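# Summary of structural features
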Amino acid sequence: MQTPCDAGADGAAARTLEPAAGSPNASWQQRSLASVWHPCTQMQRAAAVPPLAVARASGPWLHDHEGRRYFDTSSSWWVNLFGHADPGIGAAIKAQLDHLPHVMLAGCTHAPAVELAERLSERTGGELGHLFFASDGASAVEIALKMSMHHWSNRGQPDKREFVCVQGGYHGETLGALAVTDVPVFRHAYAPLLYGGAHLVPSPDARLAQPGEDAAAAAERAAAALEALLAQRHAHIAALIVEPLVQGAAGMAMHHPHYLRRARALCERYQVHLIADEIAVGFGRTGSFFACEQAGIWPDLLCLSKGITGGFLPLSVVLCRDAIYRAFLSDEVARGFLHSHSYSGNALACRAALAVLDHFEQRDVLGDNARVATVLDAALASLAHDPRLEHLRRCGMIWAFDVRAEHAPARFAERLHLVGRRHELLLRPIGRTVYLMPPYVLDEALARWLGARLIDTLNDTLHDTLNPALAADPGAALPPDADRTPEPSVA
């Protein structure tokens, strides 16, 4: 029986994946490969198997040029909050477009930037009183690192120029952010360019709990290692950077809030800044507006991006404590914060971000998410007893599980991605970790549909590994326009 969720946007049943020869999809794929260098993609492989050509998007759906649809399970790299083409955010941008698209923020100001800074600060209870605008997540991390080091230098402590990062942490791919990132596929290629003053401490990942430990005990053990490092090197350490509650690129590694409470206390004791990278987990992803709220703490510097504009426009910000801001006040230019970019505080992006905040203030977004999450929990409950899987987990609106190594076929992430396309899902696994981070548009029927389709995709993927015809080419059963994302698949 066809349910409302089984119909496409035009009410038609889901179409076959088979593309037509010389189709619009194929034309756009060829043009893209002739001119576009795609991120996180081995272009040699993309040349053989072109990327998915997306014509339009609405709600949780991406539509290609031939009427096929795909549920955007990762919210397009975790940026989309309220569905594609959300009318409220779109209307706010259109209104701003006719009024003031952009003006430089150096020597000028405008209402969207001021209002956004005020409203985000209010969300921290005024603990983080000033906001600096940037363009993307990695840029926000660069800014936070520079602010921390420069703050200590202005305070007469120039030796505090080292940083602490967490095992498996991901903070971006620009050079400063990459220096505090522990993802080998990124770091190794550019190691000669990277700053070397970063210390790596154990992750509080609950999956690393030893026999007899719960998630809180695993977090405490990781915090003890952090304490030992800070006790030894605090005179040289400027800041600790951490992804609160969920380390995304580490495979949705989730940890107990106890780690954040201990990190906050240790940073205060040893005079080290705490940088919270909430680029992926802010704006309700973990069940609270800011992930740090679940630990009852505030960092010294808070990085935000991705969901900040609801997936419409690039924007990132760094909120900081007023004490850090005041350390830069001086008649000397060199003691000011030396960072800028031309589109800093872009009025259109700020207006989109204000519309996102309007959503949170005008309706019970977090409550609605919590209610529908229980429906998807129920739809996925059988996975907890599947012997092929381990570590079924959820934090707010992020679900994840790991396929056991002995059951994961070669190029598992690629296989699952391709099979998911058959089931109208656009999935992007991280190694053996399968995750869902859907936009906040689920209702009960769609949550049940999503859970069922994911289970079907998993079963078909693991079943396909028994098919000799697919042994050499995991995408053999798929059309030539399928996007075979290369492994290892990251973030």
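These numbers come from a predicted model, not from an experiment.

Right, let's talk about the nonpolar core for a bit. In this structure, L116, L120, L226, M252, Y259, F283 and F360 are the most contacted members of the largest nonpolar core, which totals 100 residues. Ranked by residues supplied to this core, first place goes to helix α12 (residues 347–362) with 10 residues. Contacts of Y259, omitting those with residues within four sequence positions, involve V166, V201, P202, P204, A219, A222, A223, L226 and V242. If you look at the next biggest cluster of nonpolar residues, it comprises 25 residues, including A144, A177, I279 and F337.

A word on helix α5 (residues 111–123). Taking 1.5 Å per residue as the helical rise, α5 with its 13 residues ought to reach 18 Å, and the 18 Å between its terminal C-alpha atoms agrees with that figure. All of the buried residues along α5 are P112, A113, L116, R119, L120 and S121. Contact partners of the buried residues in α5: α4 (87–97), β4 (130–134), β11 (301–304), β12 (316–320) and α12. Following α5 by one or two positions, G125 has its phi on the positive side, about 65 degrees.

A word on the pattern of salt bridges. Scanning all chains against the criterion turns up 26 salt bridges. Its salt-bridge partner being R371, residue D364 comes within 3.4 Å of it at the nearest N-O pair. Among the ionic pairs, R393 bridges to D402, the shortest N-O distance being 3.2 Å. Judged on exposure class, the residue R393 and its partner D402 are both buried. Through salt bridges with shared partners, a single ionic network connects E127, R264, E268, D300 and R321.

What counts as what
Residues numbered from 1 in each chain as written. Predicted model: local features only at pLDDT ≥ 70, side-chain atom pairs only at ≥ 80, totals over all residues. Heavy atoms only, no water. Core = buried A, V, L, I, M, F, W, Y, C linked by side-chain atoms within 4.5 Å. Buried < 20%, exposed > 50% of the residue type's maximum accessible area, 1.4 Å probe, protein only. Helix = DSSP H or I, 4+ residues; strand = E, 2+ residues; numbered from the N terminus. Contact = heavy atoms within 4.5 Å. Expected span 1.5 Å × (residues − 1). Salt bridge = Lys/Arg side-chain N within 4 Å of Asp/Glu carboxyl O.

Read these as layout, nothing more, since geometry by itself doesn't imply function.
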